[in-house]
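The chain contents come next:
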Amino acid sequence: MDDDIKEAVLSFLPGLSDETLTSLLEIFGELGVESRGDLSFIQEKDLERCLRPIQCRRLLNGIKNDGLPPFQTEFVDVASPTPSNPSSSSSENTWPSVALPGRQWYIDFSVRWNEMPAAVQQAVADERRPSPGERRDVVKVVVDQMLAHDPNPTRAMCHSVARRITRDYPTSFADVGKTGDVVVDGCQSLLQQLKTRVEYKNRRNTLARRRGERRPRSGVAEGARVMTRGPVDQYGCVRWGPVELPDGETETTLNEIKRQLLNIYSEEGMGGAERAEPLMVKTYVIQRRYLNSVPAPGIAEIKKEWPFLFTPRGLYSHFGLLTDVSILNKLRETLNNKGSTVIGYCKDLQRHPGIEDVLGSYDPETSDRAPCILLLLMAYFKEPENAIMLKTDPCSTAADVQRTLTLPSTPCLIVQGDMMKPSAWMLSVEGEVVMGPYETFMNGIAAVFASYYSFNLQYPGPILKYWALGINPETGSKSKKKCINSNVSTLVRKLIDFSQWMSG
């Protein structure tokens with residue numbers, strides 16, 4: 001599903017909240033909408049789950065009367081200089097952006113770069129990243145220009161403007177790391193700054209504030225347990241709810257293979273994971289059907305039905321099928337590409353006692369860098385150390401951990417021994433140790449991530465969202481959700497600025 005569909009919806013329902021928009025796009029995905037032209041086949045009953053009757057009719061009327069042919073949208077540049085020479089200006093550049101008739105202003109919005117400070121114009125002309133102060137000046141000017149069109153632009157409007165700026169001037173404004181990796185769609189940090197500035201400008205303007213829509217509650221049977229699920233189209237899954245069965249297989253044969261897996265487990269326990277892996281791959285479709293059922297099954301039930309999901313081999317394999325990403329390779333790549341930058345940036349921070357404590361116990365020669373980076377990020381985001389990790393004695397068994405520690409309901413990494421030099425790890429979910437002990441701390445981090453994705457759980461805080469930036473694939477239905485936590489986008493911007501300063 002492309003961004004053209006999202007822009008079409010927002011052009012007909014400009015005040016739609018981000019939460020409702022996400023739900024609507026999920027419904028489009030379920031119905032098989034793949035292009036803007038497919039919207040003409042939508043019916044009012046398809047939209048009743050997330051839109052009010054008037055919103056449904058307004059959207060359908062807009063689709064019916066939409067005179068713009070799909071995929072032929074063009075921007076009209078009447079205010080911004082060409083990307084190759086952003087500092088150029090003329091008398092024509094003093095007029096506001098003009099939108100085509102029937103289109104929202106932000107779709108054709110162009111920044112008037114001649115109103116920027118000279119230092120900013122020079123930085124963009126030289127294709128270098130403006131300093132943090134200069135970037136704040138850019139945000140102030142852009143928001144002032146946006147407010148001339150709308151007293152309180154929505155996040156979607158700010159996103160459209162931020163996306164165009166980063167596309168025109170990627171070297172100056174895009175969220176791109178030193179190795180060329182693009183964070184989400186490259187404009188999240190600029191988007192966050194624009195939206196924050198809009199909210200600041202409207203802090204005393206109560207008439208311009210937008211009230212978010214309440215999402216209707218869905219009925220749940222009394223006593224039923226519902227696991228917290230992440231939105232379908234958010235975290236990078238490309239096979240969240242597969243329908244087609246493997247070639248040559250039927251429901252009957254897949255259920256027979258499931259029985260074979262349970263027999264292997266009864267005979268060999270978790271030691272049969274290697275033998276079970278090809279059978280787990282073959283039964284992936286019915287695994288997802290079971291995991292996605294509502295009410296969601298508890299972890300104890302899942303372990304009984306699919307025990308090999310609770311081995312590293314089985315969990316990593318399931319995650320790979322779910323996202324098309326090798327989680328171990330991606331985490332190693334993220335650690336190698338961003339680890340030194342995170343440590344270097346944290347060394348320069350002042351008045352952060354939590355960060356100082358972590359760095360004080362870190363020895364580059366003997367310590368494991370992965371837990372150090374994880375602890376630094378937790379200190380930076382001011383998250384308690386036990387948010388996703390707990391420490392226990394090196395000799396503790398799973399039974400000891402469950403007896404002596406208060407385990408959270410969310411996935412938690414149980415670290416055995418020194419945090420900086422862990423000897424082993426275990427994984428707990430819903431207060432039960434479900435995996436381990438195993439060596440190699442990085443594999444434990446991978447297990448935590450894979451469990452959140454595989455079991456449809458939402459991240460508890462920004463720390464995991466930052467690490468997930470290295471996991472989300474560039475293709476697939478969930479990669480279309482272009483939004484990250486505001487604290488994460490701020491850190492991403494600061495790390496990019498820091499790496500540019502270090503290399504410059």
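In the block above lies the structure referred to throughout.
Rules and cut-offs
- Residues numbered from 1 in each chain as written.
- Predicted model: local features only at pLDDT ≥ 70, side-chain atom pairs only at ≥ 80, totals over all residues.
- Heavy atoms only, no water.
- Helix = DSSP H or I, 4+ residues; strand = E, 2+ residues; numbered from the N terminus.
- Buried < 20%, exposed > 50% of the residue type's maximum accessible area, 1.4 Å probe, protein only.
- Contact = heavy atoms within 4.5 Å.
- Areas by Shrake-Rupley, 256 points an atom, 1.4 Å probe, with all protein chains shown as cover.
- Pairing = 2+ DSSP bridges.
- Axes fitted to C-alpha atoms, helices over the stretch in contact; angles between N-to-C directions.
- Salt bridge = Lys/Arg side-chain N within 4 Å of Asp/Glu carboxyl O.
- Expected span 1.5 Å × (residues − 1).

The helix and strand inventory of the protein chain stands at 21 helices and four strands. Buried residues in the protein chain amount to 50% of all 504 residues. Taking contacts inside the protein chain between residues at least 6 apart in sequence as the whole, the part at least 24 apart equals 67%. Roughly 24,300 Å² of accessible area belongs to the protein chain as shown, and the carbon and sulfur atoms make up 49% of that amount.

As a further point, take the sheet that holds strand β3 (residues 421–429). Pairing is mixed across the open sheet formed by four strands, whose spatial order is β1-β2-β3-β4. The strands lining the two open edges of the sheet, one partner per strand, are β1 (389–392) and β4 (432–438). Geometrically, the sheet is characterised by an average inter-axis angle of 30 degrees between neighbouring strands, direction not taken into account. Direction of pairing for strand β2 (residues 412–418) relative to β3: antiparallel, over a ladder of seven bridges. Pairing of isoleucine 414 across the sheet is with methionine 426, part of β3. Across the sheet, helix α19 (residues 441–454) lies against β1, β2, β3 and β4, angled at about 15 degrees from β3, the strand it touches most.

Using the criterion set out here, one finds 14 salt bridges in the structure. Put simply, arginine 313 and glutamate 277 hold a salt bridge, and the shortest N to O gap is 2.9 Å. Of this pair, arginine 313 sits in helix α14 (residues 312–323) while glutamate 277 sits in helix α11 (residues 273–282); the two residues are 36 residues apart in sequence, bridging distant segments of the chain. Salt-bridge contacts for lysine 330 lead to glutamate 333; the nearest nitrogen and oxygen are separated by 3.7 Å. Of this pair, lysine 330 and glutamate 333 both sit in helix α15 (residues 327–348), three residues apart, which is roughly one turn of the helix.

What follows deals with unusual backbone geometry. A cis amide bond, omega 0 degrees, links valine 294 with the succeeding residue proline 295. You can see proline 295 is positioned in the loop between α12 (284–291) and α13 (299–305). Backbone torsion omega between glycine 436 and proline 437 reads 10 degrees, so that peptide bond is classified as cis. For proline 437, the position within the fold is in strand β4. The backbone of threonine 440 sits at a positive phi, close to 70 degrees, despite the residue not being glycine. Summarising the element assignment, threonine 440 is placed in the loop between β4 and α19.

We now examine α14. Between the first and last C-alpha of α14 there are 16 Å, a value that for 12 residues agrees with the 16 Å anticipated at 1.5 Å per step. Most of α14 is tucked away: nine of the 12 residues are buried. What α14 keeps buried is the set Pro312, Gly314, Leu315, Tyr316, Ser317, His318, Phe319, Leu322 and Thr323. Next to the buried residues of α14 lie α11, α12, α15, β3, β4 and α19. Immediately beyond the C-terminal end of α14, within one or two residues, lies aspartate 324, with a positive phi of roughly 65 degrees.

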